[in-house]
Each structure stands twice: as structure tokens, then as C-alpha cells.
Amino acid sequence: MTTQTDLDTINASYPHIGKMLSEKWGTKDLVSYIEQLLQDTRDGSRRGFPFQVMTALVNIQSQHLQSTGAPPDHKEIKDTWARHSHL
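Draft legend 1. Fine view of the environment of Asn11. Considering the arrangement of structural elements, one finds Asn11 in helix H1 (residues 4–13). A residue is classified by how much of its surface remains accessible, and Asn11, at 30% relative accessible area, is partly exposed. A sequence separation of 42 residues divides Asn11 from Val53, and the C-alpha atoms of the two residues are 9.3 Å apart. Setting aside residues up to four positions removed in sequence, Asn11 forms contacts with Gly18 and Lys19.

Draft legend 2. Fine view of the packing of aromatic side chains. A complete count under the given rule lists one aromatic pair for this structure. Aromatic pair Tyr14 and Phe49: ring centres 5.1 Å apart, planes at 85°, arrangement edge-to-face. Taken together, the residues Tyr14 in the loop between H1 and helix H2 (15–24) and Phe49 in the loop between helix H3 (29–38) and helix H4 (51–68) connect sequence positions 35 residues apart. The same class applies to Tyr14 as to Phe49, namely buried.

So, how was this worked out
- Residues numbered from 1 in each chain as written.
- Predicted model: local features only at pLDDT ≥ 70, side-chain atom pairs only at ≥ 80, totals over all residues.
- Heavy atoms only, no water.
- Helix = DSSP H or I, 4+ residues; strand = E, 2+ residues; numbered from the N terminus.
- Buried < 20%, exposed > 50% of the residue type's maximum accessible area, 1.4 Å probe, protein only.
- Contact = heavy atoms within 4.5 Å.
- Phe/Tyr/Trp six-rings, centres within 6.5 Å; stacked < 30°, edge-to-face > 60°.

Have a look at this one:
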């Protein structure tokens with residue numbers, strides 16, 4: 001998977017997310033899962049992640065894309081900033 005440091009960062013505060021990332025690693029569902037995490041799907045009530053966790057999520061997404069060689073499916077990504085987070 002990705003560097004253990006990134007996963008450790010996520011697991012420290014969000015073990016359920018770390019578990020899902022591990023389960024989805026190597027599948028096309030990982031990119032969609034991370035994109036969903038980065039979008040507010042709670043009508044403005046989502047607080048967002050601490051900077052270190054956000055950075056770790058983006059690093060994991062980037063490493064996943066590099067390892068699979070597959071770009072994300074832009075049809076599923078509605079947020080402009082999220083669309084370019086894999087670059």
C-alpha cells in the first residue's frame with residue numbers, strides 16, 4: 001500500500017477510514033471513496049479533516065493512481081479541486 005506513515009496518520013484519528021482504505025487498495029473504488037471523503041455530503045455540516053489527514057488522503061490517492069496507472073473517473077468527481085487532486 002502507501003507509506004505506512006500516511007496510513008498511521010489516518011488511523012490515529014479515523015481508524016474506520018483507515019480500514020476502508022486498506023480494503024479498497026488496488027481497486028477502482030479507492031479513488032471514488034477518497035473523493036467522497038473530501039466532499040461535503042452533509043449539507044454544510046461536515047467539519048472537514050485536519051491538514052495532516054487531508055495530506056495523507058491525497059498522498060494515498062496519488063500513490064494508488066501511480067501503482068494502478070489508472071486516472072480517476074472524472075464523471076464521478078463533481079468538485080473541481082478534487083478533480084485535480086491526483087496531479
